[in-house]
Amino acid sequence: MYNNVGAQPGVPRPPTNNQPNPFGNSFYGAGSGLIKGGLGAYGEKILGSSSEYVQSNISRYFSDPQYYFQVNDHYVRNKLKVVLFPFLHRGHWTRITEPVGGRLSYKPPIYDINAPDLYIPFMAFGTYVVLAGLSLGLNGKFSPEALNWLFVKGLLGWFMQVMLLKMSLLSLGGGEAPLLDIVAYAGYAFTGLCFAVLGKITWRYSYYFLMPWTCLCMGIFLVKTMKRVLFAEVRSYDSSKQHYMLLFIALAQFPLFMWLGNITVNWLF
């Protein structure tokens, strides 16, 4: 009431209670600090575990792409010998490991002949497309559309090879191999295809010898490689089932190579 009337002369004004609460701000600051600290720690825990989970799965299935391009001339020459003449490889087929960050990691291709790389598959695929276009040109059938179809056909064959290897490993319980490893192993098929197509360009009848030879060599290489992957990852498996699946992988190379090696403008063959 006195506040509304205002100050009157000679009339004492009742004192107002404006003393601050000595505990309010401290309780508020402490409470907000605890809440913020708790939420921050909880959020960091969630985000940290989520990022670790994502990174572990990415490295588990895709690995580091730069790893597959650490090659030199010595590695490329020896790797081509292993792919094209696998029965002459007298060394072991297991990969070399090294401790990195407290855990074992595989050495890059430049230090390990058995490590997969993507340099040779990509170069072989590009060479295959160029040789296929040259073969069409020599036969008077070259066109941009035909070359585009051969490029798509090569990618489709590569994808089919990847699916064959991946499904084979999954059926045997060894599906933990990184995806880029499987892509690299499947892409080595174009090295043999390049020699077969080149033989067909230089001397037509050499194709009928080179094509079965490259199919057989690729089948042996994949059997040796997939057996190493299975032994490294599968703890319990059916031996007879494994042998049949490896035999199926080797035999599947023949129709796949024949289809990719048939350089025509036909979309089916």
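Note that the structure is predicted; figures quoted are calculated from it, not measured.

### A word on empty space enclosed by the protein
Piece 1. Counting across every chain of the model gives two cavities of 30 Å³ or more.
Piece 2. Along its surface, the largest cavity is lined by V83, L84, Y188, A189, T191, G192, W213, T214, C217, M218 and F257.
Piece 3. Of all the secondary structure elements, the ones that give two or more residues to the lining of the largest cavity are α3 (73-84), α7 (189-202) and α8 (207-233).
Piece 4. The dominant element in the lining of the largest cavity, judged by the number of residues it contributes, is α8, at four residues.
Piece 5. Grouping the constituent residues of the lining of the largest cavity by class yields eight nonpolar, three polar and no charged.
Piece 6. Roughly 30 Å³ of internal volume is contained in the second largest cavity.
Piece 7. Taken together, K79, W93, I113, N114, Y185, F221, T225 and R228 make up the full set of residues lining the second largest cavity.
Piece 8. Top element by residues in the lining of the second largest cavity is α8. It accounts for three residues.

### Examining the UniProt feature "transmembrane region" (unreviewed entry) in the chain
Piece 1. Annotation from UniProt places "transmembrane region" (unreviewed entry) at residues 118-140, 146-165, 177-199, 205-223 and 244-268.
Piece 2. This span, residues 146-165, is 100% helix and 0% strand, and a straight line between its end C-alpha atoms measures 29 Å.
Piece 3. Secondary structure over residues 177-199 splits into 87% helix and 0% strand, and the C-alpha atoms at its two ends are 35 Å apart.

### Some points on a nonpolar patch on the surface
Piece 1. There is a patch of nonpolar side chains on the surface, built from L156, F159, M160, M163, M167 and L170 and spanning about 570 Å² of accessible area.
Piece 2. Mapped onto the fold, L156 is located in helix α5 (residues 144-171).
Piece 3. Of the residues examined, L156 reaches a relative accessible area of 38% and is grouped as partly exposed.

### Considerations on the pattern of salt bridges
Piece 1. Taken as a whole and judged by the stated rule, the model has one salt bridge.
Piece 2. With its nearest N and O atoms 3.1 Å apart, the salt bridge here joins D181 to R95. Taken together, the residues span a long stretch of sequence, with D181 in helix α6 (residues 179-187) and R95 in the loop between α3 and β1 (97-100) at a distance of 86 residues.
Piece 3. In this structure D181 comes out as buried when scored by relative accessible area, which is 6%.
Piece 4. Residue class for R95 comes out buried when judged on its relative accessible area of 14%.

### Topic: the packing of helix α4 (residues 119-138) against α7
Piece 1. As a packed pair, α4 and α7 sit with axes 8 Å apart at the nearest point and diverge in direction by 20°. The angle between α4 and α7 falls in the class roughly parallel. For the element pair α4 and α7, the recorded crossing hand is left-handed. Here I120, A124, F125, T127, Y128, L131, A132, L134, S135 and L138 of α4 lie close against α7, whose contacting residues are F190, T191, L193, C194, V197, L198 and I201.
Piece 2. Here the contact of α4 with α7 is composed, by residue class, of 14 nonpolar, three polar and no charged.

### A closer look at the nonpolar core
Piece 1. Judged by nonpolar contacts, the single largest core of 51 residues is most densely connected at Y128, L165, Y188, F190, M218, F221 and M226.
Piece 2. Of all the elements in the fold, those that place two or more residues in this core are α3, α4, α5, α6, α7, α8 and α9 (239-261).
Piece 3. With 10 residues, α8 is the single largest residue contributor to this core.
Piece 4. When residues no more than four places from it in sequence are discounted, the contact partners of F190 are A124, F125, Y128, G154, W158 and L260.
Piece 5. Core analysis: the second largest hydrophobic core is formed by six residues, Y68, L118, L180 and A184 among them.

### Notes on α7
Piece 1. Its 14 residues give α7 an end-to-end C-alpha distance of 21 Å, which sits within 8% of 20 Å, the value for a rise of 1.5 Å per residue.
Piece 2. Taken as a whole, α7 has its buried residues at A189, F190, T191, G192, L193, C194, A196, V197 and G199.

### Structural notes on the packing of aromatic side chains
Piece 1. Tallied over the full model, the rule gives 15 aromatic pairs.
Piece 2. Relative to W213, the ring of F87 has its centre 5.6 Å away and its plane inclined at 85°; by these criteria the two rings are edge-to-face. A residue pair is termed long-range when its members are at least 10 positions apart, and F87 in the loop between α3 and β1 and W213 in helix α8 qualify at 126 residues.
Piece 3. Note on F87: relative accessible area 37%, which makes it partly exposed.
Piece 4. Ring geometry for F125 against W158: centres 5.7 Å apart, planes inclined by 45°, an arrangement best described as tilted. Taken together, the positions of F125 in helix α4 and W158 in helix α5 put the pair 33 residues apart, joining distant regions of the chain. Of the two residues, F125 and W158, both sit in the buried class.
Piece 5. Members of the aromatic cluster, connected to one another through ring pairs, are F69, F122, F125, Y128, F151, W158 and F190.
Piece 6. Looking at K200, its charged tip hangs above the ring of Y207, at a distance of 4.8 Å from the centre.

Conventions we followed
- All residue numbers refer to position in the chain's written sequence, counted from 1.
- Since the coordinates come from a predicted model, pLDDT governs what is reported: local features require at least 70, and pairs of side-chain atoms require 80 or more to be given and counted, while whole-chain, interface and lining totals use all residues.
- Side-chain numbers here rest on the full set of heavy atoms in the structure, without hydrogens or water.
- Throughout, the protein atoms alone are placed on a 1 Å grid, and a set of points is a cavity if a 1.4 Å probe fits but cannot get out or a pocket if it is open with protein on both sides within 12 Å along at least five of seven lines; lining residues have an atom within 4 Å of a point.
- Grid points are joined across faces, edges and corners, and a volume is the space filled by probe spheres set on the points.
- A run of H or I in DSSP counts as a helix once it spans at least four residues, and a run of E counts as a strand once it spans at least two, with each numbered from the N terminus.
- We call Asp, Glu, Lys and Arg charged. Ala, Val, Leu, Ile, Met, Phe, Trp, Tyr, Cys and Pro are nonpolar, and the rest, Gly among them, are polar.
- UniProt positions are given in the numbering used here, feature names are shortened, and annotations may be inferred rather than shown by experiment.
- Distance thresholds for patches are 9 Å for like charges and 5 Å for nonpolar side chains (Val, Leu, Ile, Met, Phe, Trp, Tyr), applied to residues having over 30% relative accessible area and no salt bridge.
- Per-residue accessibility takes into account occlusion by the displayed protein chains alone, with areas from the Shrake-Rupley method and a 1.4 Å probe.
- Basic side-chain nitrogens of Lys or Arg form a salt bridge, by our definition, when they fall within 4 Å of a carboxyl oxygen of Asp or Glu.
- Burial classes follow relative accessibility: with a 1.4 Å probe on protein chains only, a residue under 20% of its type's maximum area counts as buried, one over 50% as exposed, and anything between as partly exposed.
- Where helices are involved, their axes are fitted lines through C-alpha atoms of the stretch in contact, as for all axes, and angles between N-to-C directions lie from 0 to 180°.
- The cut-offs work like this: below 35 degrees is roughly parallel, past 145 is roughly antiparallel, 65 to 115 is roughly perpendicular, and the gaps in between are oblique.
- Take the far helix as the reference: if the near one is turned anticlockwise from it by less than a right angle, the crossing is left-handed, and if turned clockwise, right-handed.
- Contacts between residues were defined by any pair of non-hydrogen atoms, one from each residue, lying within 4.5 Å.
- Put simply, a nonpolar core is a bunch of buried Ala, Val, Leu, Ile, Met, Phe, Trp, Tyr and Cys residues held in one set by side-chain atoms that sit within 4.5 Å of each other.
- To estimate the expected span of a helix, count its residues, drop one, and scale the result by 1.5 Å.
- Centre distance within 6.5 Å is the pairing criterion for rings of Phe, Tyr and Trp, where only the six-membered ring of Trp is used; planes under 30 degrees apart are then read as stacked, over 60 as edge-to-face, and the remainder as tilted.
- A ring is scored as having a charge over it whenever the NZ atom of a lysine or the CZ atom of an arginine sits within 6 Å of its centre and within 35 degrees of its normal.

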